[in-house]
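One-letter residues, chain by chain:
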Amino acid sequence: MDNTSKFPSNKIKRLLKAYPEDLSKKYLESREILVTKLPEEILIQWENIGLEIAQLSSRSWEPSLLYFSSSIKVQQYLPSGQFLGWCMSSLNLSKESNKIAENFLNASPQTMVRLRPRYIEDWVSRVTKLHKGTWKSTNLTCKLFEYTPIILETLSFDQFCKFSDFMELLSNRSYDLANEIIDSSIEIFNSNFQDIDELIHLSVLITENEWRDIKPTYEIIKNQFIKLPNAHTRITFDMTRRLHGLSGLKISEFLQLLIRTLSLTNKNDNDQILQMIQQVVNNVPIATLDFLNNIPRLLDTLDIDQLDQWKSQGIRLAIDQDTNTSPASQFFKLQSKESQDLIDKISSSVELSRIKDLMKLYCTALSGEDVLVAGSKNITEKNIGWGESDLATSDGKTIYLPDVIKRYNKKEDNFNFYKVLASHQQALTEYGSYKYDYNLDPINPRSKAIFKALLDQINESDEEHATRIAKILRGSFPFKHDPKLADDIFSIVEEYRVDQLILKKYPGLRKFYKKVQLEELNNRKNKEEPNNERREV
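Predicted model, so just to flag it, every value in this text is computed and none were measured.

Rules of the game
- Residues numbered from 1 in each chain as written.
- Predicted model: local features only at pLDDT ≥ 70, side-chain atom pairs only at ≥ 80, totals over all residues.
- Heavy atoms only, no water.
- Axes fitted to C-alpha atoms, helices over the stretch in contact; angles between N-to-C directions.
- Helix = DSSP H or I, 4+ residues; strand = E, 2+ residues; numbered from the N terminus.
- Parallel < 35°, antiparallel > 145°, perpendicular 65-115°, else oblique.
- Left-handed = near helix turned anticlockwise from the far one by under 90°.
- Contact = heavy atoms within 4.5 Å.
- Nonpolar A, V, L, I, M, F, W, Y, C, P; charged D, E, K, R; others polar.
- Core = buried A, V, L, I, M, F, W, Y, C linked by side-chain atoms within 4.5 Å.
- Buried < 20%, exposed > 50% of the residue type's maximum accessible area, 1.4 Å probe, protein only.
- Pairing = 2+ DSSP bridges.
- Phe/Tyr/Trp six-rings, centres within 6.5 Å; stacked < 30°, edge-to-face > 60°.
- 1 Å grid on protein atoms, 1.4 Å probe; cavity = no way out; pocket = protein on both sides within 12 Å on 5 of 7 lines; lining within 4 Å.
- Points joined across faces, edges and corners; volume = space filled by probe spheres on them.
- pLDDT = per-residue confidence, 0-100.

Even after reading the chapter, I still don't get the packing of helix α8 (residues 135-151) against helix α9 (residues 157-171), so can you show me in this structure?
Angle between the axes and distance between the axes are the two parameters that describe a pair of packed helices. For the pair α8 and α9, interaxial distance at closest approach is 12 Å and the crossing angle is 155°. Of the possible angle classes, the one that applies to α8 and α9 is roughly antiparallel. Judged by the sense of rotation from one axis to the other, the crossing of α8 with α9 is right-handed. Residues L140, L144, T148 and I151 of α8 touch α9, and the partners they reach there are F160, F163, S164 and S171. Tallied by class, the residues present in the contact of α8 with α9 amount to 5 nonpolar, 3 polar and no charged.

Spelled out as structure tokens, the structure:
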């Protein structure tokens, strides 16, 4: 304050008339209030600082106007000494940049609600470190001043300082990116996110080593990660610290894969799955992404405890090999014989990929013709049959079977279930479900007319499989108003006919076949029509 002129108030009032009228008006309004609240010496310094700010440049009256208007609210929260310090910060920032000073003054009243007086100087110092004299650094500094009240709603001042230091570090890489991350951070902070210190620490690590990964990391955290339970986020941050710096691994890739894995698995198993991932991170970090990638697939074959057993063997392999990570890496990639053999040993499920050739031989032997076998996941793309993507069906040339069966606790029973499905689908071809006797001639005249019309349509169709029959039926009287009824009638009659022929011809399959039929019957009894609607026939 030594270099600031000390004019009396009447002269200050006269000098301020050189500026827009609003400035003089606001000065007088504020002085009238502060004269009763400030010591005379502090009041004199306050009004002289406001005048000096206005005299800095042709547009400096604008921050001076904000200075006078915000002073009343700011003074309510500060002792006289700290208030004077705030006044000097206003002057110093105005000398540096009108725009920065305006954002500081606009933010000050709400900031003082949450900031202890002794931290004001540190607050100003931390934020202004972002300013390097360029317009981009000016914009970033202004934004951090502007958002300070919002940030301090959820962060302590110590956390704010760490965040500000992180912003300075990131701005040295890219001011544009730093601006984006401030916006994303506000969204994260406002979500009641608990692990702020861990987030800032991780952010600094990424910025120091792989700064371009900071944006995708924040996108994942903002949109998905903050929805995880607090216990899960803490475990995850612990894993990121251990994985950071691992060659070829990006934290954003790990987080995205982790969230995807948890979303594809049973929520009740997520705690145990996270513990298993953490054990892999701690012991075989190089295999982490491979393990994450394969967890959903492994859980198609293994239960959660079997997965834990399989994972433990992979870790033991890594420990035994010490510095040679290749065997463990191949194990978790499912590319080693030991990995596949262990899955087959501990699992009761059966994968089609491991018995596909055997099932092809089985179906060919039953039919006497060359039959193709494929996974039923393909039927959605091909629009084949009546089954869903996890059921068995056929197009008359290829039998589509589920990719994995873990219906029973015994591997033998799951294999027998494959045989039942394959036998039924093969029998549809063997017993003519895809072939029609053109010599059939219904006796009833009306039935004969309908049959002839349907036969003409079927012959004109380019479809190569039995679905064409269902399509024709759906558009025919009396089914055009209830096409599902046409599908159901066709399926019931044809499936029953084929089942009876199978039971008669293959006595060795009869016991397990009937077991499956009974199970399916019981399942149907437990299923009700949606909304309990009854079908009118």
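Past the structure itself, the notes keep going.
I tried to follow the nonpolar core on my own but got confused; where do I start?
One recurring pattern in soluble globular proteins: nonpolar side chains tend to sit buried together. Ranked by size, the top nonpolar core spans 110 residues in total, and within it F83, W86, W123, F163 and W310 carry the most contacts. Sort the elements by how many residues they give to this core and helix α10 (residues 175-190) lands first, with 8 residues. Dropping the residues within four chain positions of it, F83 is found in contact with L34, L38, I42, W46, S71, V74, Q75 and L78. If you look at the next biggest cluster of nonpolar residues, it comprises 29 residues, including V350, A392, I399 and Y506.

What's the story with the pairing of strand β4 (residues 398-401) in this structure? I'm lost.
Both faces of β4 are covered, namely the face carrying T398 and Y400 and the face carrying I399 and L401. In this sheet, β4 lies alongside strand β2 (residues 372-375) in parallel orientation, the contact comprising 4 bridges. By the bridge assignment for β4, L372 is matched with T398. Strand direction decides the pairing type here: strand β3 (residues 393-394) and β4, joined by 2 bridges, are antiparallel. Bridging across to β4, S394 finds its partner in I399.

Just to check I follow, could you spell out the packing of aromatic side chains for this structure?
One pair of aromatic rings is described through two measures. These are the centre distance and the angle between the planes. Taken as a whole and judged by the stated rule, the model has 26 aromatic pairs. Each ring, one from Y67 and one from W86, has its centre 5.7 Å from the other, and the planes form 5°; the classification is stacked. Within this pair, whereas Y67 is found in helix α4 (residues 61-75), its partner W86 is found in helix α5 (residues 80-96), the two being separated by 19 residues in sequence. Note on Y67: relative accessible area 0%, which makes it buried. Taken together, a centroid distance of 6.3 Å and an interplanar angle of 55° make the contact between F193 and F225 tilted. Separated by 32 residues along the polypeptide, F193 in the loop between α10 and α11 (196-210) and F225 in the loop between α12 (214-223) and α13 (230-243) bring together distant segments of the chain. Judged by relative accessible area, which is 9%, F193 ranks as buried.

Help me understand the side chain of S89, please; the structure alone is not making it clear to me.
When you line up the elements, S89 lands in helix α5. Apart from the residues within four sequence positions on either side, S89 is in contact with F104 and V124.

Help me understand empty space enclosed by the protein, please; the structure alone is not making it clear to me.
Gaps left between atoms show up when a probe the size of a water molecule is rolled over them. Under the criterion given, the structure shown has 1 cavity of 30 Å³ or more. Reported here for the largest cavity is a volume of approximately 50 Å³. Elements supplying a minimum of two residues to the lining of the largest cavity: α16 (288-301) and α19 (337-346). Take the lining of the largest cavity: its biggest share by element is 3 residues, from α16.

Help me understand the confidence of the model for the protein chain, please; the structure alone is not making it clear to me.
Low pLDDT marks stretches whose predicted atomic positions should not be read closely. Put simply, the protein chain has an average pLDDT of 85, and 84% of its residues get 70 or more. The model gives residues 529-537 a pLDDT under 50, and that stretch makes 5 contacts with residues more than four places away or in other chains.

Teacher, can you tell me more about the sheet that holds β3 here?
Within a sheet, adjacent strands bond to each other through the backbone by hydrogen bonds, running parallel or antiparallel. In spatial order, the strands read β2-β4-β3; together these 3 strands make up an open sheet with mixed pairing. With one partner strand each, in any of the chains shown, β2 and β3 form the two edges of the open sheet. In the packing of helix α20 (residues 352-367) onto the sheet, the strands contacted are β2 and β4, and the crossing angle to β2 comes to about 155°. Against the sheet, helix α22 (residues 411-430) touches β3 and β4, its axis set at about 150° to β4.

I tried to follow the packing of α20 against α22 on my own but got confused; where do I start?
It is at 10 Å that the axes of α20 and α22 come closest, and there the two elements cross at 40°. Looking at the two axes, α20 sits oblique to α22. For α20 against α22, the interelement crossing comes out right-handed. Of α22, the residues touching α20 (which contributes L352, I355, L358, M359, Y362, C363, L366 and S367) are F415, Y418, K419, A422, S423, Q426 and E430. Here the residues of the contact of α20 with α22 are counted per class, giving 10 nonpolar, 3 polar and 2 charged.

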